[in-house]
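# Observations on the three-dimensional arrangement
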Amino acid sequence: MRISVLGAGAWGTALALGMARVGHAVQLWARDPAQAAALREQRENARYLPGVALPAGLQIAVDLDAAIDHARAGASDPEGALLIVASPMAGLRGLLAHGAAAGLPEGVGLLWLCKGFEAGSGRLGHEIAAELAPGLRSGVLSGPSFAQEVARGQPTALVAASRDPWLPQQAVAACHGGALRVYTSDDPVGVEVGGAVKNVLAIATGIADGLPARDGGEPGLGLNARAALITRGLAEMSRLGLALGARQETFMGLSGLGDLVLTATGALSRNRRVGLELAAGRSLAEAVAALGHVAEGVPTAPTVLARARALGVEMPITTAVVEVLEGRLDPAEAVRALMRREARAEH
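Within every chain, residues take consecutive numbers counted from 1 along the sequence as written. With the structure being a predicted model, the display of local features is reserved for residues of pLDDT at least 70 and the display and counting of side-chain atom pairs for 80 or more, all residues being used for whole-chain, interface and lining totals. Computation of side-chain values: all heavy atoms of the structure, hydrogens and water removed.

## Points about the pattern of salt bridges
Using the following cut-off: For salt bridges, the criterion is a side-chain nitrogen of Lys or Arg within 4 Å of an Asp or Glu carboxyl oxygen. Strands here are runs of E lasting at least two residues and helices are runs of H or I lasting at least four, both read from the DSSP assignment and numbered beginning at the N terminus. Throughout this description, buried means an accessible area under 20% of the type-specific maximum (1.4 Å probe, protein chains only), exposed means over 50%, and partly exposed covers the range between.
Scanning the model with the defined rule gives 17 salt bridges in all. Across the pair Asp186 and Arg247 runs a salt bridge, and its minimum N-O distance is 2.7 Å. Placement of Asp186 in the loop between β8 (180-185) and α8 (188-210) and of Arg247 in the loop between α9 (223-243) and α10 (254-265) is noted, with a sequence separation of 61 residues between them. The partly exposed category is assigned to Asp186, whose relative accessible area is 47%.

Put into C-alpha cells, the structure is as follows:
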C-alpha cells in the first residue's frame, strides 16, 4: 500500500516506521526542511525517538504536495492508499484543507492521529472534515499508544473509526500485523471524544499523584484517589460523548477506558507530567516548557468545558483542571473543591 504520513513528530514517525517495517511504501513528510535533512542523513528521529533506526524503505519528504501525490498514485491499486495526518490538533484543519484542495480520489482514505477539540471552534476532527471536505473518505486512528513503545515494536492495540466502512479496513491493511493490532469502529464521535477528554483527565491524575506528601507518607493523594479520578473521569467522558451522539460501549473500549488508563498512569504521558509539574508548584508555562513536546490536554481542557456547558453536561473534574490551568485555583484547592461536592447517586 502507498501511504503518506504528514507530520514527523514522535507519533507520526513511530507509525510510519511501523508500517514501513511490514513492507508498505511509506513517505514521512516533515514540515521543517532542516528536520527532513537530518532524518535522511541520520536515519533516526533524534529529537523525538532517539536510538530508533528508520527502516531503509521509509522515504522522507519535505514537499507537502509531493507527499500527497505519493498517496494519490496508489488510488487505483487494488489495496488502495492512505494519507495520514500526524500533526497536533492545531494543524489538522490546515492539512485537511490542503488534502481536500488536492482532490483526493475515492481510492485514497484520510486518517488523523491527533486527539482533541479544535481551539476556537470547539470542533472534533470528524466535524472539521465534514465542514471542509464532506465527500472525503476520512476517519480517526486512536487508542492507548505511546509512540516510544510503538517505535520499539512493543505490542499495541489501536482502533480505526469512520462512518465509511471501507476506511477502517484500510487502516487494518496498513497497520495490522507484527506488534500492531487494529480494531474497527463505526463510532468516530465516541473514539474522538475519548481521545480528547482522556488528556484532560490525565492532567488531573498527575496533579493528584504529585501533591506533596502528608504526614511523612508517599507523595500524592494515594491510589484510592487515583482510582476515583479515573473512574469518575470516565463517567464525565461518557456523558459528553453521549450528548454528542456517541455510543456508551465505545467508552469501555480502547479509545475510552484503555487510553484513559494509559495516559493517566503511564510514566511516558506528557499530560500526566504537566499535572505532576503543576502539583510541584511550577507555573503552567514552566510545566509546558519542561516537556519540549505538545501536551494536548492543555489547549483541549477549556474547549472541552465550553462544549460541555453548551450541551448542559456536568464535568466537575474537567472544570477543576481548567481552574488550575487558568490560575484561579491552586492544585490543592481544586482537590478540596472536588471533595466538597454534594453526595449523589453514582449512576
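Let us keep going from here.
## Comments concerning the UniProt feature "domain: Glycerol-3-phosphate dehydrogenase NAD-dependent N-terminal" (unreviewed entry) in the protein chain
Definition in use: UniProt positions are given in the numbering used here, feature names are shortened, and annotations may be inferred rather than shown by experiment.
Under the UniProt annotation, "domain: Glycerol-3-phosphate dehydrogenase NAD-dependent N-terminal" (unreviewed entry) lies at residues 3-164. Annotated as residues 3-164, this span is 35% helix and 20% strand, and its ends, taken at the C-alpha atoms, are 19 Å apart.

## Focus on the UniProt feature "active site" (unreviewed entry) in the protein chain
Operational definition: Between two residues, a contact is recorded if the distance between any of their heavy atoms is within 4.5 Å.
Following the UniProt record, one finds the feature "active site" (unreviewed entry) at Lys198. Examined against the element boundaries, Lys198 turns out to sit in helix α8. Apart from the residues lying within four places of it in its own chain, the contact partners of Lys198 are Lys115, Met237, Asp259, Leu260 and Thr263.

## Focus: the pairing of strand β1 (residues 2-6)
Selection criterion: For two strands to be treated as a pair, DSSP must find at least two bridges joining them. Crossover handedness is defined here as right-handed if the route from the first strand over the helix to the second strand goes clockwise, with the strands pointing away from the viewer.
Buried residues dominate β1, accounting for 4 of its 5 residues. As judged from the 5 bridges shared by β1 and strand β2 (residues 25-29), these two strands associate in the parallel manner. Within the sheet, the bridge partner assigned to Leu6 lies in β2 and is Trp29. As for the winding sense of the linkage, the β-α-β connection from β1 through helix α1 (residues 10-21) to β2 is right-handed. Of the pairings in the sheet, the one linking β1 to strand β4 (residues 81-85) comprises 5 bridges and is parallel in character. Paired with Val5 across the bridge in β4 is Ile84.

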